[in-house]
Amino acid sequence: MIETKNVKEIVETYLQDTPYFLVDVVVDKNNSILVEVDSEENVPLEYCVELSRHIESKLDREVEDFELEVGSAGLTSPFKVLQQYYKYEGEEVEVQEKNGPKYVGVLVDVTPESFSLEITKKVKKEGEKKKVDVKEKLTFKYEQIKYTKYIIRFK
């Protein structure tokens with residue numbers, strides 16, 4: 001069976017000194033390999049084809065047959081690596097805590113240890129008739145999170 005670690009090494013070496021980063025590598029028991037990459041901009045199809053050819057050149061089908069799929073991380077897929085948090089900093093995201101509620105807000109203050117979400121709540125202030133928008137900042141450690149994903153809004 002092809003080792004996930006070996007495929008990761010091949011991909012990470014190829015991505016060095018490029019604007020692209022590895023999101024995930026999955027190798028199942030039938031040697032179906034799925035590689036996901038991302039970047040600050042979009043990932044052109046041509047780049048995925050080049051990366052696929054590079055991976056194929058480093059693996060030997062005569063020794064072990066495999067199926068290979070290379071693509072960019074899905075726009076609404078949950079984040080898998082820290083670079084995706086940096087990429088979407090300042091954008092609206094959905095965050096689901098492992099043992100808690102779901103929040104929608106703007107991703108801010110991303111660090112290797114944690115990130116914050118600026119949410120807007122409707123609050124009725126004392127003496128006021130109508131509820132007003134109040135911004136609140138919530139901070140999360142990555143281990144608290146079930147998932148975080150980018151929200152697409154059509155305005």
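Criteria and cut-off values
- Residues numbered from 1 in each chain as written.
- Predicted model: local features only at pLDDT ≥ 70, side-chain atom pairs only at ≥ 80, totals over all residues.
- Heavy atoms only, no water.
- Pairing = 2+ DSSP bridges.
- Helix = DSSP H or I, 4+ residues; strand = E, 2+ residues; numbered from the N terminus.
- Axes fitted to C-alpha atoms, helices over the stretch in contact; angles between N-to-C directions.
- Contact = heavy atoms within 4.5 Å.
- Salt bridge = Lys/Arg side-chain N within 4 Å of Asp/Glu carboxyl O.
- Buried < 20%, exposed > 50% of the residue type's maximum accessible area, 1.4 Å probe, protein only.

Trainee: Give a detailed account of the sheet that holds strand E2 (residues 32–39), specifying residues and quantitative values.
Mentor: One open sheet accounts for three strands, arranged E1-E2-E3; its pairing is mixed. Looking at the sheet topology across the chains shown, the edges are occupied by strand E1 (20–27) and strand E3 (67–72). Ignoring strand direction, the axes of neighbouring strands in this sheet form an average angle of 15°. Alignment of E2 against E3, held across six bridges, turns out to be parallel. Each residue of the ladder has a partner; that of Val37, found in E3, is Ser72. Across the sheet, helix H1 (residues 4–15) touches E1 and E2, and the angle it forms with E1 is around 165°. Packed on one face of the sheet, helix H2 (residues 45–58) meets E1, E2 and E3 and runs near 150° to E3.

Trainee: Provide a residue-level description of the pattern of salt bridges, including the pertinent values.
Mentor: Evaluated as defined, the whole model comprises nine salt bridges. As a salt-bridge pair, Lys87 and Asp38 come within 2.7 Å of each other at their nearest N and O atoms. With a gap of 49 residues between them, Lys87 in helix H3 (residues 82–87) and Asp38 in strand E2 connect regions that are remote in the sequence. Judged on exposure class, the residue Lys87 and its partner Asp38 are both buried. For Glu56, the salt bridge goes to Arg61, with nearest N and O atoms at 3.5 Å.

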